[in-house]
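Structural overview for review
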Amino acid sequence: MHDLVIFDCDGVLVDSEPLSNQVLVDNLGRYGLNLTLEDSVGFFLGGTMVGVRDKARALGADLPDDWVDEVYAETYDRLRDGVDLMPGVADLLNTLDSKGIAYCVASNGSPDKMQITLGQNGLWDRLSKVAFSAHVLGTAKPDPTMFLTAAKRFNAAAPVVIEDSQNGVTAAMRADMRCLAYAPQGNAEKLADLGAEVFTDMADVPSLLGI
């Protein structure tokens, strides 16, 4: 049985990806790069904001030196207006608690962003002491360091990762961890090709974990 569940944050615990990507679309449009929401998700999902900046510049955006700070501020403002938990997450965490299975969150996002998104949904109190951020560790997915650090912290022998991005799945594979890929809208062939087991409903996770 798995002894640790490592959750990604955006798109797995909270439904923040549409809001965050709309901010990117609006912002980059001001700098000469016109993208659809689908374009933004395709280009940037699961990356770091520095990576987004570099990719956007390569696509033709004329971004200022302080762009990362600017877009973070705009994103945080939008998220403070309200972001929902992904359906079934609260029930899943309660099930893990009842079974005595540890869990944590590991995100390429900043602690500030996690506090905003998880805080308004009652999860920050549960996860603040077990929240791993690329901004703190200094290395981001697809590097496996964050997952390996989390597993070491919990002394976990059989961790499992729940992800929604190619970078996250790749990090899990590099860490030699089982990965469940959450794809509520389907269209997850690339995640499956990378080695993840795709599921579409959080209610399916307990059976996938054998609990």
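You'll find the structure just up there.
Quick look at the overall build of the chain
Assigned secondary structure in the chain consists of twelve helices and six strands. Its C-alpha atoms give the chain a radius of gyration of 17 Å, within 12% of the compact-globule value 17 Å for 211 residues. Expressed as a percentage of its 211 residues, the buried residues of the chain come to 48%. For the chain, the proportion of contacts with a sequence separation of at least 24, taken over those separated by at least 6, is 67%. When the accessible surface of the chain is split by element, carbon and sulfur atoms take 47% of a total near 9,700 Å². Of note, the chain has its 16 positive side-chain charges centred 5 Å away from the centre of its 31 negative side-chain charges.

Quick word on the pairing of strand β4 (residues 159-163)
With five of its five residues buried, β4 lies for the most part within the structure. Of the two faces of β4, the one carrying Pro159, Val161 and Glu163 and the one carrying Val160 and Ile162 are both buried. Summarising the sheet, strand β1 (residues 4-7) and β4 pair through four bridges and their orientation is parallel. Its bridge partner being in β4, isoleucine 6 is matched across the sheet by valine 161. Across four bridges, the pairing between β4 and strand β5 (residues 178-182) is parallel. Within β5, the position partnered with isoleucine 162 by the bridge is leucine 180. Crossover β4 to β5 through helix α10 (residues 166-174) is right-handed.

Considerations on α10
Within α10 the residues assigned to the buried category are Gly168, Val169, Thr170, Ala171 and Ala172. Buried positions along α10 lie against α9 (145-154), β4, β5 and α11 (189-193).

Remarks on the sheet that holds strand β2 (residues 102-107)
Across the sheet, six strands lie side by side as β3-β2-β1-β4-β5-β6; this open sheet has parallel pairing. Edge strands, defined here as strands with exactly one partner in the open sheet, are β3 (131-133) and β6 (197-199). Shown here is a sheet whose adjacent strand axes are inclined to one another by a mean of 25 degrees, direction ignored. The pairing of β5 with β6 spans three bridges and is parallel. What sits directly across from alanine 181, in β6, is valine 198. Helix α6 (residues 111-119) contacts β2 and β3 of the sheet and is inclined by roughly 140 degrees relative to β3.

What counts, and at which threshold
- Residues numbered from 1 in each chain as written.
- Predicted model: local features only at pLDDT ≥ 70, side-chain atom pairs only at ≥ 80, totals over all residues.
- Heavy atoms only, no water.
- Helix = DSSP H or I, 4+ residues; strand = E, 2+ residues; numbered from the N terminus.
- Rg over C-alpha atoms; globule rule 2.2 N^0.38 Å.
- Buried < 20%, exposed > 50% of the residue type's maximum accessible area, 1.4 Å probe, protein only.
- Contact = heavy atoms within 4.5 Å.
- Areas by Shrake-Rupley, 256 points an atom, 1.4 Å probe, with all protein chains shown as cover.
- Lys, Arg positive; Asp, Glu negative; His and termini not counted.
- Charge placed at Lys NZ, Arg CZ, Asp CG, Glu CD.
- Pairing = 2+ DSSP bridges.
- Right-handed = clockwise from strand over helix to strand, strands pointing away.
- Axes fitted to C-alpha atoms, helices over the stretch in contact; angles between N-to-C directions.

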